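Okay, here's what each chain looks like letter by letter:
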Amino acid sequence: MSEIFDELRAALWSVWHRRWIALGVAWAVCLLGWLVVSMIPNAYESKARVYVDVEDVLSKQLGIAGDGKEEIMRVRQTLSSAKNLEKVITTTRLGEGITERGALDGAVAALEKKVKVTSEQDNLFQITAEIGRSEFSDAENAVLARDVVQKLLDILREEYVIGSRTGISTAIGDLDRQLQERKAELEQAEQRRLAFESQYPDLVGGSDSLSKKVQDARAELRNVEADLAAAQSGLAAISGQISSTPRTIAGGRDATGPRAALQVAQTQLAELRARGLTDSHPDVVSTTKQVAILARQAAAAGDDAGGAPNPAYASLVALKSERQASVEALQARRAALQSNAAALMASQASEPAVAAEANRISRDYDVLRQNYEKLLQDREALKTRGKVEDKASQFRFDIIQQPGVPQGPAAPNRPLLLLGVLVAGIGAGVAAAYALGQLKSSFATPQKLERSFDLPVIGSISLTVSEAARAIEAKRLKQFAGASAGLGAIFVILLAIEFVSVGGVA
């Protein structure tokens with residue numbers, strides 16, 4: 001036991017004898033470590049808790065059933081998959097500057113470590129995202145963490161609806177197959193019609209004497225229909241502009257009604273505030289109340305809130321009247337051409353066999369085309385129903401805890417890291433001083449000298465220190481204490497800075 005005590009005393013003497021070396025190493029290690037700690041970006045964590053009430057609720061009109069629990073389990077397990085995380089990256093600031101596939105895969109792998117989806121109950125689970133990017137500020141990282149969780153919630157909602165519409169997807173697939181079959185039949189009928197018309201170019205739809213007239217009537221009818229489509233498109237565009245153009249505009253000498261009065265009151269309020277009157281001034285209070293009342297009146301009145309007549313609205317109404325007249329004229333012309341063409345085809349009798357074949361081919365083609373269009377409409381209607389399934393669904397998708405912008409960093413634990421660096425610096429200084437002492441061929445105590453050479457030590461000479469040397473030593477001790485206190489003071493200052501800066505994110 002005495003040997004251990006002697007070794008410990010010798011080690012302490014060796015370190016104290018080289019205390020300036022220990023302090024220098026401690027300063028170097030602490031400064032370097034604190035610099036590294038300061039460069040570590042803060043990571044902010046945002047959370048959301050989601051509850052899903054499971055019911056079998058697919059549309060009764062479709063007669064499709066599904067297992068809601070299995071769908072919830074599937075979506076929850078695949079929410080943090082690479083495919084979904086890629087969507088998150090490409091729709092948030094995490095994807096800024098990423099143009100290559102390799103960089104995108106690396107970002108997905110990094111985000112996968114920061115996103116957690118944990119189950120609290122069968123229908124309750126928590127989504128957590130921790131973001132700390134060095135290229136972003138603390139406030140940007142906090143907002144980005146919230147955005148990542150919000151995007152995961154959006155993906156969860158989309159995937160959940162898609163999962164509940166498995167039957168709809170199957171029905172759409174069946175319709176696609178039927179459409180392919182009808183399309184092939186329609187193309188064959190069109191080929192037969194084209195072949196017939198190419199074989200009997202002058203007998204398309206009738207006899208020789210009327211074929212030319214029928215062709216001219218069809219060509220003119222196509223031109224009229226094209227003009228009619230263009231006119232109807234222009235009329236629809238004008239109608240859309242009229243619906244978004246107010247009949248009256250605020251202001252002007254002829255302006256009347258609540259809207260004009262509201263503008264005058266707002267101008268008066270701005271003048272009062274420009275004069276330096278506060279919001280508690282009686283004039284400002286009364287004018288503010290007047291503005292609020294007039295605003296409600298103007299909102300309730302809508303387009304009739306008063307104001308000067310809008311010349312743009314009048315011009316659009318006049319233009320609409322012109323285009324409406326043009327559309328009606330083209331419709332009348334088209335009806336006349338259709339009646340004329342029908343009369344020509346009905347009067348074809350010189351070639352009854354050819355006319356009958358032409359009618360049969362045209363009828364078959366029309367029937368196939370109508371069936372094809374009907375199937376196409378059904379498929380589009382089914383797709384539309386699937387897109388709005390979440391609105392008509394009886395599933396209850398509740399967000400218990402909305403993702404918010406975190407007010408403080410979740411990582412790193414900077415105060416603990418600063419303390420760890422301080423302890424490591426002191427330990428490194430002590431170790432360096434002790435290591436240097438071991439390299440020196442000297443002995444701190446007579447007992448150690450005796451044990452090393454296995455020879456008796458007759459005696460030792462004590463160190464005699466003069467008053468001047470004592471004064472110098474005392475001064476150096478004060479300097480050492482000041483340098484040591486300075487290291488501790490820097491640690492305290494860094495802690496204070498950290499605690500003050502944590503609250504500055506909001």
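Residues numbered from 1 in each chain as written. Predicted model: local features only at pLDDT ≥ 70, side-chain atom pairs only at ≥ 80, totals over all residues. Heavy atoms only, no water.

### What to know about the nonpolar core
Across soluble globular proteins, nonpolar side chains have a tendency to be buried as a group. Counting residues in hydrophobic clusters, the biggest one holds 26 residues, and the most contacted among them are Val50, Ile89, Leu111, Val115, Ile127, Val148 and Leu152. Secondary structure elements with two or more residues in this core: strand S1 (44–53), helix H4 (82–91), helix H5 (101–114), strand S3 (124–131) and helix H6 (138–164). For this core, the leading source of residues is H6, giving eight residues. Apart from the residues within four sequence positions on either side, Ile127 is in contact with Ser46, Lys47, Ala48, Val50, Leu79, Lys116, Val149, Leu152, Leu153 and Leu156. Formed by ten residues, the second largest nonpolar core is a distinct cluster that contains Leu418, Val421, Leu487 and Phe491. (Core = buried A, V, L, I, M, F, W, Y, C linked by side-chain atoms within 4.5 Å. Buried < 20%, exposed > 50% of the residue type's maximum accessible area, 1.4 Å probe, protein only. Helix = DSSP H or I, 4+ residues; strand = E, 2+ residues; numbered from the N terminus. Contact = heavy atoms within 4.5 Å.)

### With respect to the pattern of salt bridges
Two side chains carrying opposite charge are able to pair once their charged atoms lie near each other. Under the definition given, this model contains ten salt bridges. One salt bridge in this structure joins Glu86 and Arg101, with 3.0 Å as the shortest N-O distance. Of this pair, Glu86 sits in helix H4 while Arg101 sits in helix H5, placing them 15 residues apart in sequence. Its relative accessible area of 23% is what places Glu86 among the partly exposed residues. For Arg101, a relative accessible area of 47% puts it in the partly exposed group. Between Arg101 and Asp105 there is a salt bridge whose closest N-O contact spans 3.2 Å. In this pair, Arg101 and Asp105 both sit in helix H5, four residues apart, roughly one turn of the helix. Three or more residues joined by partner-sharing salt bridges are found here, namely Glu86, Arg101 and Asp105. (Salt bridge = Lys/Arg side-chain N within 4 Å of Asp/Glu carboxyl O.)

### A few points about the packing of aromatic side chains
Scanning the model with the defined rule gives two aromatic pairs in all. On the numbers, 5.6 Å between centres and 85° between planes, the contact of Trp20 with Phe480 is edge-to-face. With a gap of 460 residues between them, Trp20 in helix H2 (residues 19–39) and Phe480 in helix H16 (residues 467–502) connect regions that are remote in the sequence. Residue classification places Trp20 among the partly exposed positions, given a relative accessible area of 40%. Measuring from centroid to centroid gives 6.4 Å for Trp34 and Phe491, while their planes differ by 25°, and the two rings are stacked. Of this pair, Trp34 sits in helix H2 while Phe491 sits in helix H16; the two residues are 457 residues apart in sequence, bridging distant segments of the chain. Each member of the pair, Trp34 together with Phe491, is buried. (Phe/Tyr/Trp six-rings, centres within 6.5 Å; stacked < 30°, edge-to-face > 60°.)

### As for the packing of H4 against H5
Two numbers describe a pair of packed helices, the interaxial angle and the distance between the axes. For the pair H4 and H5, interaxial distance at closest approach is 9 Å and the crossing angle is 105°. Here H5 runs roughly perpendicular to H4, going by the angle between their axes. Here Ala82, Leu85, Glu86, Val88, Ile89 and Thr90 of H4 come into contact with H5, specifically with Arg101, Leu104, Ala107, Val108, Leu111 and Glu112. Taken together, the residues that form the contact of H4 with H5 break down as eight nonpolar, one polar and three charged. (Axes fitted to C-alpha atoms, helices over the stretch in contact; angles between N-to-C directions. Parallel < 35°, antiparallel > 145°, perpendicular 65-115°, else oblique. Nonpolar A, V, L, I, M, F, W, Y, C, P; charged D, E, K, R; others polar.)

### Description of H2
With 21 residues, H2 ought to run about 30 Å at 1.5 Å a step, and its terminal C-alpha atoms sit 30 Å apart, in line with that. For H2, every residue scored as buried is listed here: Arg19, Ala22, Leu23, Ala26, Cys30, Gly33, Trp34 and Val37. For H2, the arc enclosing every buried residue in end-on projection is 105°, short of the 170-degree limit, so these residues lie on one face. Opposite the buried face of H2, at more than 90 degrees from it, the exposed residues are Leu32 and Met39. (Expected span 1.5 Å × (residues − 1). Arc of directions from axis to C-beta.)

### Topic: the layout of surface pockets
Size it by volume and the second largest pocket reaches roughly 250 Å³. Contributing to the lining of the second largest pocket are 15 residues, with Ser38, Arg414, Ile497, Glu498 and Ser501 lying nearest its centre. Taken together, the elements giving at least two residues each to the lining of the second largest pocket come down to H2, helix H14 (414–439) and H16. Element by element, the count of residues in the lining of the second largest pocket is highest for H16, at five residues. The residue makeup of the lining of the second largest pocket, split by class, is nine nonpolar, three polar and three charged. (1 Å grid on protein atoms, 1.4 Å probe; cavity = no way out; pocket = protein on both sides within 12 Å on 5 of 7 lines; lining within 4 Å. Points joined across faces, edges and corners; volume = space filled by probe spheres on them.)

### Focus: the confidence of the model for the protein
Taken as a whole, the protein shows an average pLDDT of 75; of its residues, 71% reach a score of 70 or greater. Per-element confidence in the protein is highest for H2, whose mean pLDDT is 88, and lowest for helix H13 (residues 389–392), whose mean pLDDT is 48. Taken as a whole, residues 56–67 scores under 50 in pLDDT and shows 21 contacts with residues more than four places along the chain or in a different chain. Of the regions scoring below 50 in pLDDT, residues 205–209 engages in 16 contacts with residues more than four places distant in sequence or in other chains. (pLDDT = per-residue confidence, 0-100.)

### So, the packing of H2 against H14
Their axes nearest at 7 Å, the elements H2 and H14 cross at an angle of 150°. The angle between H2 and H14 falls in the class roughly antiparallel. Classified by chirality, the crossing of H14 by H2 is right-handed. Each residue belonging to the contact of H2 with H14 can be placed in one class, and the counts come to 19 nonpolar, four polar and one charged. (Left-handed = near helix turned anticlockwise from the far one by under 90°.)

### Quick word on a nonpolar patch on the surface
The grouping of Leu32, Leu35, Val36, Met39, Ile40 and Leu417 at the surface amounts to a nonpolar patch, some 550 Å² of accessible area in total. Within the secondary structure layout, Met39 lies in helix H2. Classification of Met39 as exposed rests on a relative accessible area of 61%. (Patch = residues over 30% accessible without salt bridge, like charges linked within 9 Å, V, L, I, M, F, W, Y side chains within 5 Å. Areas by Shrake-Rupley, 256 points an atom, 1.4 Å probe, with all protein chains shown as cover.)

### Some points on the pairing of S3
Most of S3 sits out of view: seven of its eight residues are buried. In terms of strand pairing, strand S2 (residues 115–119) meets S3 through five bridges, oriented antiparallel. Counterpart to Val115 in the pairing with S3 is Ala129. (Pairing = 2+ DSSP bridges.)

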